[in-house]
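Inside the fold
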Number of protein chains: 2
Amino acid sequence: MSTSLQPMPPEETVAVVGVGLIGGSLAAALKQRRLARRVIGVGRNRQRLETAHAAGLIDEVSTDLTQAARESQLLVVCTPVDRIVADVRQAAAAMSEGSLITDAGSVKGEICESLADLSAGPVTFIGSHPLAGSEKQGFEHASASLFEQKLCVLTPTAETPPQQLQRLHRFWEQMGMRTCELSAARHDAILAVTSHLPHAVAAALALLLDAEYRPFAASGFRDTTRIAAGDPELWTAIFQQNSPALIAALSRLEGEIASLKRILERRDAASLKNWLRQAKTSRDVLNLVPGKIDD
Amino acid sequence: MSTSLQPMPPEETVAVVGVGLIGGSLAAALKQRRLARRVIGVGRNRQRLETAHAAGLIDEVSTDLTQAARESQLLVVCTPVDRIVADVRQAAAAMSEGSLITDAGSVKGEICESLADLSAGPVTFIGSHPLAGSEKQGFEHASASLFEQKLCVLTPTAETPPQQLQRLHRFWEQMGMRTCELSAARHDAILAVTSHLPHAVAAALALLLDAEYRPFAASGFRDTTRIAAGDPELWTAIFQQNSPALIAALSRLEGEIASLKRILERRDAASLKNWLRQAKTSRDVLNLVPGKIDD
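Calculation rules
- Residues numbered from 1 in each chain as written.
- Chains lettered and ligands numbered in written order.
- Predicted model: local features only at pLDDT ≥ 70, side-chain atom pairs only at ≥ 80, totals over all residues.
- Heavy atoms only, no water.
- Helix = DSSP H or I, 4+ residues; strand = E, 2+ residues; numbered from the N terminus.
- Rg over C-alpha atoms; globule rule 2.2 N^0.38 Å.
- Buried < 20%, exposed > 50% of the residue type's maximum accessible area, 1.4 Å probe, protein only.
- Contact = heavy atoms within 4.5 Å.
- Areas by Shrake-Rupley, 256 points an atom, 1.4 Å probe, with all protein chains shown as cover.
- Phe/Tyr/Trp six-rings, centres within 6.5 Å; stacked < 30°, edge-to-face > 60°.
- Pairing = 2+ DSSP bridges.
- Axes fitted to C-alpha atoms, helices over the stretch in contact; angles between N-to-C directions.
- Least-squares fit on C-alpha atoms with pLDDT ≥ 70 in both.
- Parallel < 35°, antiparallel > 145°, perpendicular 65-115°, else oblique.
- Left-handed = near helix turned anticlockwise from the far one by under 90°.
- Nonpolar A, V, L, I, M, F, W, Y, C, P; charged D, E, K, R; others polar.
- Buried area = accessible area lost by both parts, 1.4 Å probe.
- Salt bridge = Lys/Arg side-chain N within 4 Å of Asp/Glu carboxyl O.
- Polar contact = N/O pair within 3.5 Å; in protein donor to acceptor, adjacent residues only side chain to side chain.
- Expected span 1.5 Å × (residues − 1).
- Right-handed = clockwise from strand over helix to strand, strands pointing away.
- Arc of directions from axis to C-beta.

Describing the overall build of chain A
A tally of helices and strands in chain A yields 11 helices and eight strands. Relative to the 2.2 N^0.38 estimate, which gives 19 Å for 295 residues, the radius of gyration of chain A is 21 Å and therefore close to what a compact globule would have. Projecting the C-alpha coordinates of chain A onto the three principal axes gives extents of approximately 70 × 40 × 35 Å. When each of the 295 residues of chain A is scored for burial, the buried share is 59%. Long-range contacts, defined as pairs at least 24 residues apart, comprise 72% of the intrachain contacts of chain A with a sequence gap of at least 6. Carbon together with sulfur atoms contributes 50% to the accessible area of chain A, which is approximately 11600 Å² in total.

The structure is reproduced here in structure tokens:
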């Protein structure tokens, strides 16, 4: 983890590509914390951008990524994971030497491998994944505090210039985040278990809820399936890009379910209590150390 | 569903057996809404009962179930599901003719079958399951509003006297609940999917979270596993009593997981999006009709 003590001058112009929940919150935090002199919101739908502008999230709007990239020194791609590589390529071609590009994608392997040639500059790409979000979509739910106290994973390569890496750590830290570094492959293996598997399980549970059972779905069912309300388009792209790791995580879950079934079939109360107690212990630890990071 | 328009005189003395989260909340609601002239809290631990009394949840405390039952006209057993039958038997032996006993257990089949001879009176037992709760335990988390706007399932038999059934509907309705009737078997099949399966899945997910993955467990993981923090003793008894229905529900979940894995293995984006979209639709409906009941 990087700890910065020296103050950092604000970035001149930052472009945020994709002004949805994440991009909108990022833009709002940049402005509220005065981390950039100018924030350009880049998107495809001018009307949506104008609304975000009217809401005070961004200083300027642009539907021309190349033009916005040309005017920016730092650019954050917050588009869906299956569009990130193309957006980074287009931006990199327009930005001047020394510029930094990052993203906010939930899967890192495919993206960082495709963009490996941009590791060393002259325009540098470094992968980021701020672990913040919601099942809600759109900048209407954006919040300048979305990232506060949360963790941001950076996925540099061996070729990443140290000063650009340091700049990116500071960028997220000034947003109120803690940062850490992982290889893209390690990130994807972990997030398959901590994020993509819960989403898959929540969706599977939601699918099992027959219409006539709905009145009997109390807070436990609602909490456990809340994230299944996420955008199917976004999650299709995430699941596709991380499918080997997600398949492995699903297989581990199948193993746990199979052992629970065996315990139930032989009506083994001692093993059942032990299984539930271990699960409770594992879950309770999350409350005790809400955001601790040990890397 | 029963709709009562006539006012009901308050019960003379109500005993609440087991003053934990559910029993404590029930007692608090009885007092706040003036639904009983006197509320006796019955438990094994006198010190805990005295604390609940000092907190204003109950009027009197007793560690003698027989004595408390003798003085009560209505008695609600809020002990763990594996103790309910014995507590009801003990209370029934002491109560006078015309008295009503119910419970708050999460599984109904085994309990209602064991107590079938008490259906017709002179002291009547009718099963209840107020669908309200929390992963938290103890009367310290009790709230008089826990039951408001929630659903209570009643499981009468063919022998249940109509006036006692009506009395029980009114009891829960006056607590702010909606009520419905189901057979005990139907209740257990439904709750296996809406409550016991989510708990099992939350526990399985929590077990898969290796210690070094914890810092990467964001709000999605936390919500999806929240109920895994529930009391292992209570849930062991619930799972044991409903194991056939829970095993069937786990098998249905295994089917969904297997089909998701097949979709991921053949990288079938269209089927994946469709699967996620159906799950989202199913989950979104729960938000649109938060407490609708169609029975």
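Focus on the packing of aromatic side chains
Inspection of every chain in the model, using the stated rule, returns six aromatic pairs over all chains. Note on F171 of chain A and W172 of chain A: the rings are 5.2 Å apart at their centroids and 75° apart in plane angle, and the pair reads as edge-to-face. For the residue pair F171 of chain A and W172 of chain A, the accessibility class agrees, reading buried in each case. Between W235 of chain B and F239 of chain B, the ring centres sit 5.9 Å apart and the planes meet at 80°, which makes this aromatic pair edge-to-face. Here F239 of chain B and W235 of chain B lie together in helix α9 (residues 232–241), a separation of four residues that amounts to about one turn. Across the pair, exposure class does not vary: W235 of chain B and F239 of chain B are buried alike.

Considering the environment of Q240 of chain A
Considering the arrangement of structural elements, one finds Q240 of chain A in helix α9 (residues 232–241). On the basis of relative accessible area, Q240 of chain A is assigned to the buried category, the value being 16%. Once residues within four sequence positions are removed from consideration, Q240 of chain A is found in contact with R267, D268, A269 and L272 of chain B.

Thoughts on the sheet that holds strand β7 (residues 127–130) of chain B
All names here are of chain B. One open sheet accounts for three strands, arranged β7-β8-β9; its pairing is mixed. Only two strands of the sheet have a single neighbouring strand rather than two, namely β7 and β9 (178–181). When strand polarity is set aside, the average angle formed by the axes of neighbouring strands in this sheet is 20°. As judged from the four bridges shared by β7 and strand β8 (residues 151–155), these two strands associate in the antiparallel manner. Opposite G127, over in β8, you have T155 as the bridge partner.

Regarding the relation of the copies chain B and chain A
Copy one and copy two of the chain differ by a rotation about an axis and a translation along that axis. Structural alignment of chain B on chain A gives an RMSD of 0.0 Å, achieved by rotating through 180° and translating 0.0 Å along the axis. Within this description, the copies of the chain are treated as partners about a two-fold rotation axis. Among all residues of chain B, the minimum C-alpha distance to the rotation axis is found for T224 of chain B, at 2.0 Å. Take the interface residues of chain B: 99% of them recur as interface residues in chain A, which is what a same-surface contact looks like.

Some remarks on the packing of helix α7 (residues 184–208) of chain A against helix α10 (residues 243–265) of chain B
Interaxial distance between α7 of chain A and α10 of chain B falls to 10 Å at its minimum, and their mutual angle equals 125°. Between α7 of chain A and α10 of chain B, the angle is such that the two are oblique. Crossing handedness for the pair α7 of chain A and α10 of chain B: right-handed. On α10 of chain B, the residues that touch A200, A204, L205, L207 and L208 of chain A of α7 of chain A are A249, R252, L253, E256 and L260 of chain B. Of the residues in the contact of α7 of chain A with α10 of chain B, the class split is eight nonpolar, no polar and two charged.

Thoughts on the interface of chain B and chain A
Chain B puts 89 residues into the contact, and the matching count from chain A is 88 residues. Both sides together, the interface formed by chain B and chain A hides about 8300 Å², and carbon and sulfur atoms give 66% of it. Of all residues in chain B, L208, F216 and R283 of chain B give up the largest surface area on contact with chain A, accounting jointly for 9% of the area buried on that side. The interface formed by chain B and chain A includes eight salt bridges. One salt bridge connects E233 of chain A with K273 of chain B, and the closest N-O pair in it is separated by 3.4 Å. Inspection of the region where chain B meets chain A yields 26 residue pairs in polar contact (both at pLDDT 80 or more). Taken together, the elements giving at least two residues each to the side of chain B that touches chain A come down to β8, α7 (184–208), α8 (219–225), α9, α10 and α11 (269–288) of chain B.

Side note on α10 of chain B
Here α10 of chain B spans 32 Å end to end across 23 residues, near enough to the 33 Å set by a 1.5 Å rise per residue. Just downstream of α10 of chain B lies R267 of chain B, where phi reads positive at about 50°.

Describing the pattern of salt bridges
If you walk through the whole model with that rule in mind, you get 30 salt bridges over all chains. Between R46 of chain A and E50 of chain A there is a salt bridge; the shortest N-O distance is 3.5 Å. Note that R46 of chain A and E50 of chain A are positioned in helix α2 (residues 46–54) at a spacing of four residues, about one turn of the helix. With a relative accessible area of 41%, R46 of chain A lands in the partly exposed category. For the salt bridge of R38 of chain B with E60 of chain B, the shortest nitrogen-to-oxygen distance reads 2.8 Å. Here E60 of chain B lies in strand β3 (residues 60–62) and R38 of chain B lies in strand β2 (residues 36–42), a separation of 22 residues in the sequence. When its relative accessible area of 29% is taken as the criterion, E60 of chain B is described as partly exposed.

Some words on the pairing of strand β5 (residues 100–103) of chain B
All names here are of chain B. The alternating pattern of β5 places L100 and T102 and I101 and D103 on opposite faces, both of which are buried. In this structure, strand β4 (residues 74–77) lies alongside β5, joined through four bridges in parallel fashion. Within β5, the residue paired with L74 across the bridge is L100. Once you follow β4 into helix α4 (residues 84–94) and on to β5, the crossover reads as right-handed. In terms of strand pairing, β5 meets strand β6 (residues 124–125) through two bridges, oriented parallel.

What to know about α4 of chain B
Residues and elements named next belong to chain B. Turning to α4, its buried residues number three or more, namely I84, D87, V88, A91, A92 and A94. Axial view of α4: buried residues confined to an arc of 160°, hence all on one face. Seen from the buried face of α4, the exposed residues on the opposite side, beyond 90 degrees, are A86 and A93. In this structure, the buried side of α4 is in contact with β1 (11–17), α3 (65–70), β4, β5, α5 (109–114) and β6.

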